[in-house]
Amino acid sequence: MRKNFLYLVILLFSPFIVLSQQPKKLNASEIYESIKKLNFLGSVLYVAAHPDDENTRLISYLSNETKAQTAYLSLTRGDGGQNLIGPEIRELLGVIRTQELLAARKIDGGQQFFTRANDFGYSKNPEETLAIWNKNEVLSDVVLAIRKFKPDIIINRFDHRSPRSTHGHHTSSAMLSVEAFDCSNDKSVFPEQLKQTGLWQPQRQFFNTSWWFYGSQEKFDKADKTNLLSIDTGVYFPSKGLSNSEIAALSRSSHKSQGFGSTGSRGEAVEYLELIKGDLPKDKSNIFYGIDTSWHRVKGGDAIGQVLSKVETDFDFTNPSASIPSLITAYKLIQNLDDNHWKPIKSEEIKTIIAACAGLYLEAVSDTDHATNNSRVAVAIEMINRSHVNIIFTGLKLTDGTKSEDYKPIPLSNNKNQTFNETIIISKNQEPTTPYWLTKKGTLGMYKVTDKNLIGLPETPITYKAQFQLNIENTPIEFTRPIVYKTNDPVKGEVYKPFVIIPEASAKIPENVIIFNTDKGKEIPVIIKAGRDQVEGFVSMAHPRDWNVYPDKQIISIAHKDEEQTIVFTIIPPIDQSEGLITPMVHIADSIYTKELIEINYDHIPFQMVLLPSESKVVKLNIQKRGQNIAYIEGAGDVVPESLRQIGYNVATIAPKDIDEETLNKFDAVVMGIRAYNSVEDLKYKQPILFDFVKKGGNMIVQYNTNSKLQVDDLAPFDLKLSRDRVTDENAEVHFLNPEHPVLNYPNKITEKDFEGWTQERGLYFPNEWSADFTPILSMNDKDETPKEGSLLVAKYGKGYFIYTGLSFFREFPAGVAGAYRLFTNMLSIGKGDIKLEAKLND
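Residues numbered from 1 in each chain as written. Predicted model: local features only at pLDDT ≥ 70, side-chain atom pairs only at ≥ 80, totals over all residues. Heavy atoms only, no water.

Caption draft 1: Highlighting the overall build of the protein. Helix and strand counts for the protein come out as 19 helices and 42 strands. What you see for the protein is a C-alpha radius of gyration of 30 Å, in line with the 28 Å of a compact globule of 843 residues. Within the protein, buried positions represent 57% of all 843 residues. Accessible area for the protein stands at about 35,400 Å²; split by element, carbon and sulfur atoms hold 48% of it. Taking the average location of the 95 positive side-chain charges in the protein and that of its 107 negative ones, the two points are 3 Å from each other. (Helix = DSSP H or I, 4+ residues; strand = E, 2+ residues; numbered from the N terminus. Rg over C-alpha atoms; globule rule 2.2 N^0.38 Å. Buried < 20%, exposed > 50% of the residue type's maximum accessible area, 1.4 Å probe, protein only. Areas by Shrake-Rupley, 256 points an atom, 1.4 Å probe, with all protein chains shown as cover. Lys, Arg positive; Asp, Glu negative; His and termini not counted. Charge placed at Lys NZ, Arg CZ, Asp CG, Glu CD.)

Caption draft 2: Up close: the side chain of Gln 82. Note on placement: Gln 82 falls in the loop between strand 2 (69-74) and helix 4 (90-108). Looking at Gln 82, its side chain comes within polar contact range of the side chain of Tyr 704, at 2.8 Å. Sequence-distant contacts of Gln 82, that is, excluding residues within four places in its chain, are made with Leu 93, Ser 257, Gln 258, Ile 674, Arg 675, Tyr 704, Phe 810 and Arg 811. (Polar contact = N/O pair within 3.5 Å; in protein donor to acceptor, adjacent residues only side chain to side chain. Contact = heavy atoms within 4.5 Å.)

Caption draft 3: Region of the structure containing unusual backbone geometry. Tyr 550 connects to Pro 551 through a cis peptide bond whose omega is -10°. With respect to the secondary-structure elements, Pro 551 resides in the loop between strand 24 (548-550) and strand 25 (553-558). Across the junction of Tyr 746 and Pro 747, the peptide omega takes the value -5°, indicating a cis bond. Counting through the fold element by element, Pro 747 comes out in the loop between strand 37 (734-736) and strand 38 (763-770). Located in the positive-phi region is Arg 90, a residue other than glycine, with phi close to 50°. Within the secondary structure, Arg 90 is located in helix 4. Notably, Ala 589 is not glycine yet its phi reads approximately 55°, a positive angle. Within the element layout of this structure, Ala 589 appears in the loop between strand 27 (578-588) and strand 28 (591-593).

Caption draft 4: Focus on the pattern of salt bridges. The final tally for this structure, using the stated rule, is 39 salt bridges. Two residues, Lys 36 and Glu 33, come together in a salt bridge whose shortest N-O distance is 3.6 Å. Of this pair, Lys 36 and Glu 33 are both found in helix 2 (residues 28-38), three residues apart, which corresponds to roughly one turn of the helix. The class of Lys 36 is partly exposed, set by a relative accessible area of 26%. Because the salt bridges share partners, they merge into one network encompassing Lys 124, Asp 782, Glu 785 and Lys 788. (Salt bridge = Lys/Arg side-chain N within 4 Å of Asp/Glu carboxyl O.)

Caption draft 5: Geometry of a negative patch on the surface. Taken together, the side chains of Asp 533, Asp 562, Glu 563 and Glu 564 make up a negatively charged region of the molecular surface. The residue Asp 562 is located in the loop between strand 25 and strand 26 (564-572) in this model. Residue classification places Asp 562 among the partly exposed positions, given a relative accessible area of 36%. (Patch = residues over 30% accessible without salt bridge, like charges linked within 9 Å, V, L, I, M, F, W, Y side chains within 5 Å.)

Caption draft 6: Quick look at the sheet that holds strand 20 (residues 505-508). With respect to topology, four strands assemble into an open sheet ordered 20-22-26-24, the strand pairing being antiparallel. Only two strands of the sheet have a single neighbouring strand rather than two, namely strand 20 and strand 24. Each neighbouring strand pair of the sheet contributes to a mean axis angle of 30°, computed without reference to strand direction. (Pairing = 2+ DSSP bridges. Axes fitted to C-alpha atoms, helices over the stretch in contact; angles between N-to-C directions.)

Caption draft 7: Structural view of the pairing of strand 17 (residues 475-489). Here strand 10 (residues 361-366) pairs with strand 17 via three bridges, running parallel. Considered in strand 17, the bridge of Ser 366 is made with Tyr 485. Relative to strand 17, strand 16 (residues 465-472) runs antiparallel, the two sharing eight bridges. Along strand 17, the bridge assignment pairs Phe 468 with Phe 479. Here strand 16 hands over to strand 17 after two residues, with Glu 473 in that stretch at a positive phi of 50°. Judged from the six bridges that link them, strand 17 and strand 18 (residues 493-498) form a sheet pairing that is antiparallel. Residue pairing in the sheet places Asn 488 in a bridge with Glu 494 of strand 18. Counting the residues that bridge the hairpin from strand 17 to strand 18 gives three residues.

Caption draft 8: Representation of the sheet that holds strand 1 (residues 43-48) in the model. Here seven strands make up an open sheet; going across it, the order is 3-2-1-4-5-9-6 and the pairing mixed. Each edge of the open sheet carries a strand with a single partner, namely strand 3 (111-114) and strand 6 (228-232). Each adjacent strand pair in this sheet contributes to an overall mean axis angle of 30°, direction not counted. Sheet topology note: the strand 4 (residues 153-156)/strand 5 (residues 204-209) ladder contains four bridges and is parallel. Note that in strand 5 the partner of Asn 156 across the bridge is Phe 207.

Caption draft 9: Inspection of helix 7 (residues 168-183) at higher detail. Taking 1.5 Å per residue, 16 residues should reach 22 Å; helix 7 reaches 22 Å between its end C-alpha atoms and fits that length. Of all 16 residues in helix 7, 13 are buried; the element is thus mostly enclosed. (Expected span 1.5 Å × (residues − 1).)

Caption draft 10: Representation of the pairing of strand 34 (residues 669-672) in the model. The alternating pattern of strand 34 places Ala 669 and Val 671 and Val 670 and Met 672 on opposite faces, both of which are buried. Where strand 32 (residues 629-633) meets strand 34, four bridges bridge the pair, whose relative direction is parallel. Bridged to Ala 631 within strand 34 is Val 670. Where strand 34 meets strand 35 (residues 699-702), four bridges bridge the pair, whose relative direction is parallel. Pairing of Val 670 across the sheet is with Met 700, part of strand 35.

Caption draft 11: Highlighting the packing of helix 5 (residues 126-133) against helix 7. The geometry of helix 5 relative to helix 7 is characterised by a closest axis approach of 8 Å and an angle of 75° between their N-to-C directions. Classified by the interaxial angle, the pair formed by helix 5 and helix 7 is roughly perpendicular. Contacts between helix 5 and helix 7 pair Pro 126, Thr 129, Leu 130 and Trp 133 from the former with Gly 168, His 169, Thr 171, Ser 172, Met 175 and Leu 176 from the latter. In terms of residue class, the contact of helix 5 with helix 7 is built from five nonpolar, five polar and no charged. (Parallel < 35°, antiparallel > 145°, perpendicular 65-115°, else oblique. Nonpolar A, V, L, I, M, F, W, Y, C, P; charged D, E, K, R; others polar.)

Caption draft 12: Highlighting the environment of Val 568. With respect to the secondary-structure elements, Val 568 resides in strand 26. Sequence-wise, Val 568 and Ile 524 are 44 residues apart; in three dimensions their C-alpha atoms are separated by 5.5 Å. Other than its neighbours up to four places away in sequence, Val 568 contacts Glu 523, Ile 524, Pro 525, Pro 551 and Gln 554.

Caption draft 13: Local environment of the packing of aromatic side chains. Evaluation of the coordinates by the stated rule reveals 29 aromatic pairs. Between the aromatic rings of Phe 393 and Tyr 407, the centroid separation amounts to 5.9 Å while the plane-to-plane angle is 70°, which identifies the pairing as edge-to-face. Taken as a pair, Phe 393 in strand 13 (residues 391-398) and Tyr 407 in the loop between strand 13 and strand 14 (410-411) lie far apart in primary sequence, 14 residues in all. The same class applies to Phe 393 and to Tyr 407, which are both buried. (Phe/Tyr/Trp six-rings, centres within 6.5 Å; stacked < 30°, edge-to-face > 60°.)

Caption draft 14: Quick look at the side chain of Asn 55. Mapped onto the elements, Asn 55 comes out in the loop between strand 1 and helix 3 (56-66). Residue classification places Asn 55 among the buried positions, given a relative accessible area of 7%. In terms of polar contacts, Asn 55 uses its side chain to reach the backbone amide nitrogen of Arg 57, at 3.1 Å. With near-sequence residues (within four places) excluded, Asn 55 lies in contact with Tyr 46, Arg 157, Asn 208 and Glu 271.

In short, geometric facts, not functional conclusions.
Quick look at the structure:
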């Protein structure tokens, strides 16, 4: 078990394991900086809750200036956030944000770890957060991260002493970090972990404070700073041509799904660290003051330090290979260390430096980016030594068991390329490649990970690798490279993708939610994709008992790998309102496949393949509607248009530039996408036209916007002020303030049952002040809070209706929540037919 852990540690410190990206080729300046880092034996763990919570200035400073091993422990993968670059939400967004964090660390020099906690959405307090997360399990993961990474210093992004002042996840991350600091060296706490790693006691813990936590710069300036360290992180790196703040901005800009593009700055940039535990350093600008970060901290390390100090002093930027003999000496001394922590870390570091000094390039490229079990894959091997150093290739080990004795020694002469081909056989028992935390169904607050060795890792370890066995200056050294796929794109040039294992067949239903608003059946297409040539079998459909599916099965026959065949099933709903899941089951020989293969492809992160259960929710709705034609104006992205089409509306997406009287006259209602007034600047010129549409008899529904960075002066035709009010408990009781109002009665009678089964939250950014022209419809609140009445506001304006809602329809529609559809239909239908209710409202 310990051996497996050390192997994973080695993978974490290799710069060549970043999937689908070109292997990093260090220049002379980068080699020199790596040598300096090789001579520093100290580590810092930064702890927070989400991707983008981390302070990239501090991480970059500690990694690039201090030269410490620096890691960020993000308790979640950010699954509960929103996506500004595409349609992926929840688990798939978590995959994207995981890769964005890895891209950020690649820039700022840090490492990345996670716990099993699931970002279930906004939480107002740590009590709720820790109950949903399972506090003991997340604490276990934080303790495990400390015991494995062994940080001298822990820095918390948030204050553990201020619950309810920020996101509950934020405070919880700090609280768990503080508790873990005290128990990571206690053998009675999570003793099962000691089979993987040993006890560890960090020496200091800090809170990364700032004026924000004090309420204002003025209050912070007046505060007692006796217990604070101040570090100027705005240093300039001549070898990079960048300031640390510029590097940090590039790192933060990796969080593209959250719209966190940042502009670099130059000059002083002071970070403040408040001591929480441990002794206060005498030098308040050096968090490692008094901690031995030299090779002396490792038994037998003094000789290594002496050799490497001379390497650093004598380094020749015009001929890095001149350092290799001394580096080989240090490498051999490191191999003799009796140390389970620094030995594997520094072994990988020095091997990377030796390879860079020699201009050594080693690569294993497959002829395909994916394969299935029992298949054969051709692998092209390339080796080149671009120095005069004596290097001999002595063997190659491939993951499928190809032995080193199959190869004869090959001298790698200066700048002479050596290539040959190999074949690997994919095991019949090989599991498909997919994010390890998504292979089993978890809970609302926790991912389920059955292999304890994977807990904390940022991504699934690479399965298929090539281990190059070399002799450098008469010293055997093994270098591991992942087997990758490489191609040439006419626009992008050389493009790398990961080599992954996929099932021989996968199935996809195009619609995640299928709404039936009549008793009539629907034809549902199912797309079957072949993972290999000659896929033959049949497909059946698992379905709820009160639903019917015809035919019972469909034959499939697909000749070539990656081709698709579409088959169609007829799904017939029951008479009464009902909901459930349908799952296509692909039968091939003795195997049944029920997963969908999802591709995530963005330029700023490596290509991802994700396997998730192939299932769609079917919902039979007893629903009536009035009006037919809906104009939708995009905001930050939601599935409102697709959802409304499912229940029979004609929906047209209108670009802001096309909003005019003639265009709007074709529609019964206009729906604004979420955060449209935050993200679409052109809308500030279109408000008078939209309000005039309402005045003449149209309906206008505005979904939630944040209360900052609004692009318009007048959000509504009447006074309306947004707040940060929200109700995060999706099961919070809902009270009807005006039960006779048409929006609750026509054409569908809304009851408490329509608020059952909501997901993640009730709503967010409710108005807290509004004109008397608005009628509040609903009241709701989280536990121990005052009622919030701004979730749904309706105002008659001229002949039409203006509706503002902070209810989270954008989350409920993809989840197929029946009540959300019924209520939204009433909002669209208001004023379109019931004369008695209309007259009652006007009275």
